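Here is how the chains run, residue by residue.
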Amino acid sequence: VTAEKEANKRKYMRKLERIFCDIDVSGDGLISEEEFTNMLQDEQVKKYLAGLEVDLNESSSLFQMMADEDGQVSYSRCMDGMNRAKGLAKAADILCIRHDLGMLRKDLKLVKALSAQGLSEEELGACYAVSRVNTSKPLKSKSMSP
């Protein structure tokens, strides 16, 4: 039974690899949300993913969970995300939880860094709020004002 499961998993991963290569029209090893959305328009891909019980109604959320800070999904993140999203709807929920946990880790790291600078609670709150608006460039020090 284990050998059969492993064979099915390898088959599934090869199919996902072919799908990824097909949708990576730019050939850069990353897929954008546009490339991902275009992929989901293909009837064969829809049937394949539906057969794996990947909820296509949540495709935008699925992409966001897999995407990096630049809004791109690498091959490895795509394989990992799609593999985790297959199965019952609970798998998608777990993917959301993993994403939220990653965001919480980033927030905690930011709060620790800001706390180490000796800022007051009000300054910490203001820096945190500003950094949440622009998460790609969190504030590093309190000497940021002109």
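Everything numeric here is computed off the predicted structure, so don't read it as measured data.

Take the overall build of the protein chain next. The helix and strand tally for the protein chain stands at seven helices and two strands. Secondary structure elements in the protein chain, listed N-terminal to C-terminal, are α-β-α-α-α-β-α-α-α. Across the 146 residues of the protein chain, 27% fall into the buried class. Counting contacts in the protein chain only where the partners sit at least 6 residues apart, residues at least 24 apart contribute 53% of the total.

On the surface, a cluster of positive charge is made up of R10, K11, R14, K15 and R18. With respect to the secondary-structure elements, R10 resides in helix α1 (residues 2-23). On the accessibility criterion, R10 (47% relative accessible area) is partly exposed.

Here the focus is the confidence of the model for the protein chain. Caution applies to low-pLDDT parts of the model: their predicted coordinates are not meant to be read in detail. With 83% of its residues at a pLDDT of 70 or more, the protein chain has an overall mean of 77. Confidence, read as mean pLDDT per element, is least for helix α7 (residues 121-133) in the protein chain (74) and greatest for strand β1 (residues 30-32) (92). Low pLDDT (under 50) marks residues 136-146, which in the prediction has 13 contacts with non-local residues, meaning those over four places away or in another chain.

By the definition in use, this model includes one cavity of 30 Å³ or more. Estimates place the volume of the largest cavity at around 40 Å³. Lining the largest cavity we find L16, I19, F20, I23, M39, C78, M79 and M82. Contributing elements (two or more residues each) for the lining of the largest cavity: α1 and α5 (75-85). By residue number, the principal contributor to the lining of the largest cavity is α1, which donates four residues. Tallied by class, the residues present in the lining of the largest cavity amount to eight nonpolar, no polar and no charged.

Thresholds, definitions, all that
- In every chain, residue numbers begin from 1 and rise along the written sequence.
- Thresholds applied to this predicted model are a pLDDT of at least 70 for local features of residues and 80 or more for the giving and counting of side-chain atom pairs; totals over whole chains, interfaces and linings are not thresholded and use all residues.
- Each side-chain value is derived from all of the structure's non-hydrogen atoms; neither hydrogens nor water enter the calculation.
- Each helix is a run of H or I in the DSSP string that is no shorter than four residues. Each strand is a run of E no shorter than two, and both are numbered from the N terminus.
- Only protein chains enter the area calculation, which uses a 1.4 Å probe; residues under 20% of their type maximum are buried, those over 50% are exposed, and those in between are partly exposed.
- Should any heavy atoms of two residues lie within 4.5 Å, those residues are counted as being in contact.
- To count toward a patch, a residue needs a relative accessible area over 30% and no salt bridge; like charges are then connected within 9 Å, while nonpolar side chains (Val, Leu, Ile, Met, Phe, Trp, Tyr) are connected within 5 Å.
- Computed with the Shrake-Rupley method and a 1.4 Å probe, the accessible areas treat only the protein chains shown as cover for residues.
- What counts as a salt bridge is simple: a side-chain nitrogen of Lys or Arg found within 4 Å of a carboxyl oxygen of Asp or Glu.
- Charged-residue counts in this description rest on Lys and Arg as positive and Asp and Glu as negative, His and the chain ends being excluded.
- Where a charge lies is defined by one atom per residue type: Lys uses NZ, Arg uses CZ, Asp uses CG and Glu uses CD.
- Here pLDDT means the predictor's own confidence in every residue, given as a number from 0 to 100.
- Cavity and pocket criteria rest on a 1 Å grid covering protein atoms alone: a 1.4 Å probe that fits but cannot get out defines a cavity, protein on both sides within 12 Å along at least 5 of 7 lines defines an open pocket, and an atom within 4 Å of a point defines a lining residue.
- Grid points are joined across faces, edges and corners, and a volume is the space filled by probe spheres set on the points.
- Three residue categories are used. Nonpolar comprises Ala, Val, Leu, Ile, Met, Phe, Trp, Tyr, Cys and Pro, charged comprises Asp, Glu, Lys and Arg, and polar comprises the others, including Gly.

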